[in-house]
Structures are given as C-alpha cells and as structure tokens.
Amino acid sequence: MRMRWTSLSAGLALWGLLTVPICLAADPPRALMVSPAKDCAVVADFAGFKDVKTDSHLRKITLNEGLVIRGSKVENGKVVIPASGLYYTTRTPKSGVLQGDKVLILGKLYHFVDQASQLDVIKDVWVKKEAGVPFGDGTKKLELSTMEMGANGFPVPNATFKILKQSGNYYGVTFPVAKSDLLIDITSGVLNQGTKRDPGTYHPSDPGQDFETEFYASSVAVSGQTYLVASQVTPEGAQVREFATGAARYIVLTEKDPAAGYLAPGEKLSGGGFTVEATEVGPDYAQVKLTCDQSGQSWTKRLGPITAESIKYMPVDEQTRERFVLRDAQSRALVQINLYQADGPIKQGKVSLSLYHDLFSLGNPCPWEPDRRFVFRPDT
C-alpha cells in the first residue's frame, strides 16, 4: 500500500479516487472533506493491500489501494473515529470505458464497463478569503485558498481557488483569477491574435508604446471541462459569477471476464446467459444481435459508424458513445465494439466485440451492498 497523502488525488480522467467512508462515532460532526493531520503517521507498506498491474487495450496500468483514518482521537482509553473518518481508497488512473480497463476494489479486479457523469454548476456566490462554498450534493467545496496582492507597485488582489473533495484531497489543478480596472482582462480576446508589435526591443518613449501600463490577467480559469468565472476580486474575497465541474453519477462494473473476439457475420459469442451474434459487418460498422438465452428475448443494433468525427471525444462523450454499445433491457449485459483493439475494431470482414455480463451499478453515493455500513463515493 502507498499512502502518501499527496499521491491519493487523481484527475478527472476517470473517476480519480474511489472512497468508502464508514461511520463509527455515534454523533456528528463528520470528517467528510477533512484532510488528515499534517503530522499524521504514514504507513508505506501494509499487509493485505495490493499494487496490481493490469493491461487494457491501450496501456498498462498500476492500481493501488489503501486505508485512511482522519479526525480520530483517544477518549477514555479508546480510539474514536468520527463518521466518514475511516475510508478505503483505490486509485483508478486514466481508466475509461470502452478501453478494456479494470479497477481494484477490496483486493478484487473488476472490469470497468460503463459510466455516466453530470455537471455541477453554481452561480453568483461570494467566497471569503480562506473559506469555501459547497456544490453538487454538498460533499465537495470550492475554496478560495489564497489571496495575494499584486506586484508592480500597486495593490491588485489575485484569488486562487481549489476544489476540495470528499476525501480531504484537493483537485490537482488550481484556478487563479484576478479582476481590476488596472488590468487588461485577456478573456476579452485582446491577445488571441497577438499584438501588432514587430520583433525587437521597445522603450516607453517610442510612439504608441504603453507597455509599462499594460498588465494582463484573466477573470476566467479553466481545466478541461472545469471552469470558474469571477466578476469581482477584492482583498476580502471574490464574487464567483459561475463555476462548473464534472462528477460521476454512477459506474458499472463486473467481476466476470467478458466473452470477446473477432466475429464474422453469423458468428456468435456467449457468456453469463447471453449470446451476441454479428449479423452484418461493414467497413466502419457492425449489426449485432444480443439474446437472453433463458427468455429468448433479443435486441439488435447497428454499432457505428466508426469515423474520425464519431470517435473524436471518445470515450468521454456519453451520447456518441451509445453508438458503440448495446444493452439488454435490464442492463444485465452490455456488448461493445472494441474501438481501441490493438489490431483495429474491424479487420478482414470481422468485428471485435466484447460481451460483458453479470453487471452491477454503483451510484454517487450509494451503499456498498456487501456491507451497508459503508458508502461508495467516486472522489471526482
């Protein structure tokens, strides 16, 4: 186990950090969003916890797991852990659906089959210096972590925001913004095409040169799909006009290996009480039929087309991703065309398919069914 606290935070490439808090103390307050103490003990290796190397269609991935205790105290000879103060954590770096990736949970490997996301938005909120405002379901915060006065001889406040997650970790990117009449806001596009200056050296006395009063800043900070727009920044705090960031709604996993292979028209794969048949294979698509062996009920769909435009934002584009998967009506099984197969998704008149079965879904948050004292939360 690697439990260096700074290593626990992961990006939005999926789902970052998975946390399962447990409530041990009888009464609030909870330790949700609380970081461990700066002088906490760190155990680098712990019996039973694993580092697992896995292969996907795209890469080799190392998956780690660990345990975090925060907010604990000794009282009447006992160690008291507050609600959400104990959680199991597992890293899922770069994991994504359609890629053949796996995740490690409580020592077991699960295939990462499907996902859904949401965008949490807040608007017109005032955030005090060194304070924060909750967003989403209230288990994350947008914090104004630092406020610095500018340089160059005049006081212009610069605000830096961070996203505090349920685990007590911060999102790995900060969001610096500034807003002042003394600054040229580059969000107006003033520098998009560069200036009209030719290469060379300029002096303040040169005609039309005001570079000594040109100070550039931005009232917008971005990272991927996350953005923050400030309408006011003062030494006391900042007014956030709009802030938005993505979050997981649910993920779909299975412990069972999929039935997989290249199928020509008429060929089939079976697994978990389901059978998939390729009924037609074209140069950039495949017609497939999924059948429940017990009931005989079937579902058909044309998967594709596979074009430069359709795979442009794969695998994160949920709506377009639907073109490449087929589910049964109860979401017990899922067929996908393997876009990232090393030999290509379609070759020599055959299509690469995977049939995942025995699926289960984990919401955000939801009870952990094997032990409902625990709650599952994707920490992203």
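Procedures and definitions
- Residues numbered from 1 in each chain as written.
- Predicted model: local features only at pLDDT ≥ 70, side-chain atom pairs only at ≥ 80, totals over all residues.
- Heavy atoms only, no water.
- 1 Å grid on protein atoms, 1.4 Å probe; cavity = no way out; pocket = protein on both sides within 12 Å on 5 of 7 lines; lining within 4 Å.
- Points joined across faces, edges and corners; volume = space filled by probe spheres on them.
- Helix = DSSP H or I, 4+ residues; strand = E, 2+ residues; numbered from the N terminus.
- Nonpolar A, V, L, I, M, F, W, Y, C, P; charged D, E, K, R; others polar.
- Pairing = 2+ DSSP bridges.
- Axes fitted to C-alpha atoms, helices over the stretch in contact; angles between N-to-C directions.
- Polar contact = N/O pair within 3.5 Å; in protein donor to acceptor, adjacent residues only side chain to side chain.
- Phe/Tyr/Trp six-rings, centres within 6.5 Å; stacked < 30°, edge-to-face > 60°.
- Buried < 20%, exposed > 50% of the residue type's maximum accessible area, 1.4 Å probe, protein only.
- Lys NZ or Arg CZ within 6 Å of the ring centre and 35° of its normal.
- Core = buried A, V, L, I, M, F, W, Y, C linked by side-chain atoms within 4.5 Å.
- Contact = heavy atoms within 4.5 Å.

(A) Structural detail: empty space enclosed by the protein. Within this structure, the stated rule accounts for two cavities of 30 Å³ or more. Taken together, Val97, Leu98, Val113, Asp114, Arg321, Glu322, Val325, Arg327, Leu334 and Gln336 make up the full set of residues lining the second largest cavity. Within the residue set of the lining of the second largest cavity, elements represented by two or more residues are β8 (108-128), β23 (325-327) and β24 (333-337). The residue makeup of the lining of the second largest cavity, split by class, is five nonpolar, one polar and four charged.

(B) Quick look at the sheet that holds strand β10 (residues 140-149). The four strands lie next to each other as β9-β10-β11-β12, forming an open sheet whose pairing is antiparallel. Unpaired on one side and paired on the other, β9 (132-135) and β12 (175-178) mark the two borders of the sheet. Strand-to-strand twist in this sheet, taken as the mean axis angle between neighbours without regard to direction, amounts to 25 degrees. Note: β9 against β10, four bridges, orientation antiparallel. If you follow valine 133 over to β10, its bridge partner there is leucine 142.

(C) How the structure looks around the environment of tyrosine 87. Position of tyrosine 87 relative to the elements: it lies in strand β6 (residues 86-92). Remark: the alpha-carbon pair of tyrosine 87 and aspartate 284, spanning 197 residues in sequence, is separated by 45 Å. At 3.0 Å, the side chain of tyrosine 87 and the backbone oxygen of serine 167 are in polar contact.

(D) Local environment of the packing of aromatic side chains. Counted according to the given criterion, the structure contains four aromatic pairs. Here phenylalanine 135 and phenylalanine 243 contribute two aromatic rings whose centre-to-centre distance is 5.3 Å and whose plane-to-plane angle is 70 degrees, an arrangement assigned as edge-to-face. Remark: phenylalanine 243 occurs in strand β17 (residues 237-254) and phenylalanine 135 occurs in strand β9; sequence separation between them is 108 residues. Overall, the relative accessible area of 0% leaves phenylalanine 243 in the buried class. The ring centre of tyrosine 170 lies 5.1 Å from the NZ or CZ of lysine 162, which sits over that ring. The cationic tip of arginine 302 hangs over the ring face of tyrosine 285; the distance from NZ or CZ to the ring centre is 4.0 Å.

(E) The arrangement of the nonpolar core in detail. Val276, Leu290, Ile337, Leu339, Leu353 and Leu355 are the most contacted members of the largest nonpolar core, which totals 32 residues. Those elements that place two or more of their residues in this core are β18 (259-263), β20 (274-281), β21 (286-292), β22 (298-303), β23, β24 and β26 (350-357). Each residue touching isoleucine 337, except ones within four places of it in the same chain, is listed here: Leu98, Leu303, Ile306, Phe324, Pro345, Ile346, Val351, Ser352 and Leu353. By size, the runner-up hydrophobic cluster in this structure holds 20 residues, among which are Val127, Phe135, Leu142 and Ala230.

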